[in-house]
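Examining the three-dimensional arrangement
Each chain, written out:
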Amino acid sequence: MSFLLPKLSSKKEVDQVIKTTAEKVLVLRFGRDEDPVCLQLDDILSKTSSDLSKMAAIYLVDVDQTPVYTHYFDISYIPSTVFFFNGQHMKVDYGSPDHTKFVGSFKTKQDFIDLIEVIYRGAMRGKLIVQSPIDPKNIPKYDLLYQDI
């Protein structure tokens, strides 16, 4: 399903999208097209993209083609999903030590939709960090160790 979503393949393209996406949550999925967990997440993202089109813009970013952002966001597990609003990095408290990104795939489409709605509402109120609406048992648990992807 990853062919249904726009792809960003360079730092310049990622920079441009971050700067120009206004009044919407920008969703950047960092991963690889051939990875099975990335494909599972891409399926959820593509199925919800039309429902969320007024609230979110969703892009896929290949970790191998954008090493600057891979290092900047400390992406050691894929897929990792990062959120922005009006050029500002949005953080989410998932009940884990890392608030900068969501690691892994969402369990259901509704989990992703709920998260986007909470980020959107929080961002419209000027918040830079929001509380995750996702049930903690649906959030993948990873040890935050430095690992080469």
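In case you missed it, the structure is sitting above this.
A brief look at the structure comes next. (Residues numbered from 1 in each chain as written. Predicted model: local features only at pLDDT ≥ 70, side-chain atom pairs only at ≥ 80, totals over all residues. Heavy atoms only, no water.)

**Some thoughts on the side chain of Thr81**
With respect to the element layout, Thr81 can be found in strand 4 (residues 80–85). Given the relative accessible area of 0%, Thr81 is considered buried. With residues up to four places along the chain from it excluded, the contact list for Thr81 reads Val27, Leu28, Arg29, Leu41, Lys101, Phe102 and Phe106. (Helix = DSSP H or I, 4+ residues; strand = E, 2+ residues; numbered from the N terminus. Buried < 20%, exposed > 50% of the residue type's maximum accessible area, 1.4 Å probe, protein only. Contact = heavy atoms within 4.5 Å.)

**Focus on the packing of aromatic side chains**
The geometry of an aromatic ring pair comes down to the distance between the two centres and the angle between the two planes. The final tally for this structure, using the stated rule, is 8 aromatic pairs. On the basis of an interplanar angle of 70° and a centroid distance of 5.3 Å, the ring pair of Tyr94 and Phe102 is categorised as edge-to-face. Of the residues examined, Tyr94 reaches a relative accessible area of 7% and is grouped as buried. For Phe102, a relative accessible area of 1% translates into the label buried. Taking the centre distance of 5.1 Å and the plane angle of 55° together, the rings of Phe106 and Phe112 count as tilted. Like Phe112, Phe106 is buried. Members of the aromatic cluster, connected to one another through ring pairs, are Phe30, Tyr69, Tyr72, Phe73 and Phe84. (Phe/Tyr/Trp six-rings, centres within 6.5 Å; stacked < 30°, edge-to-face > 60°.)

**Here we look at the pairing of strand 4**
In terms of burial, strand 4 is a largely internal element, 6 of the 6 residues being buried. Along strand 4, one buried face is formed by Ser80, Val82 and Phe84 and the opposite face, lined by Thr81, Phe83 and Phe85, is buried too. Of the strand pairs in this sheet, strand 2 (residues 25–31) and strand 4 are connected by 6 bridges, and their pairing is antiparallel. By the bridge assignment for strand 4, Val27 is matched with Phe83. Pairing geometry for strand 4 and strand 6 (residues 102–103), over 2 bridges, is antiparallel. Each residue of the ladder has a partner; that of Ser80, found in strand 6, is Val103. As defined by bridge partners, strand 4 adjoins strand 5 (residues 88–93) across 3 bridges and the pair is classed as antiparallel. What sits directly across from Phe84, in strand 5, is His89. Hairpin remark: strand 4 followed by strand 5, antiparallel, with 2 residues in the connecting loop; positive phi at Asn86, about 50°. (Pairing = 2+ DSSP bridges.)

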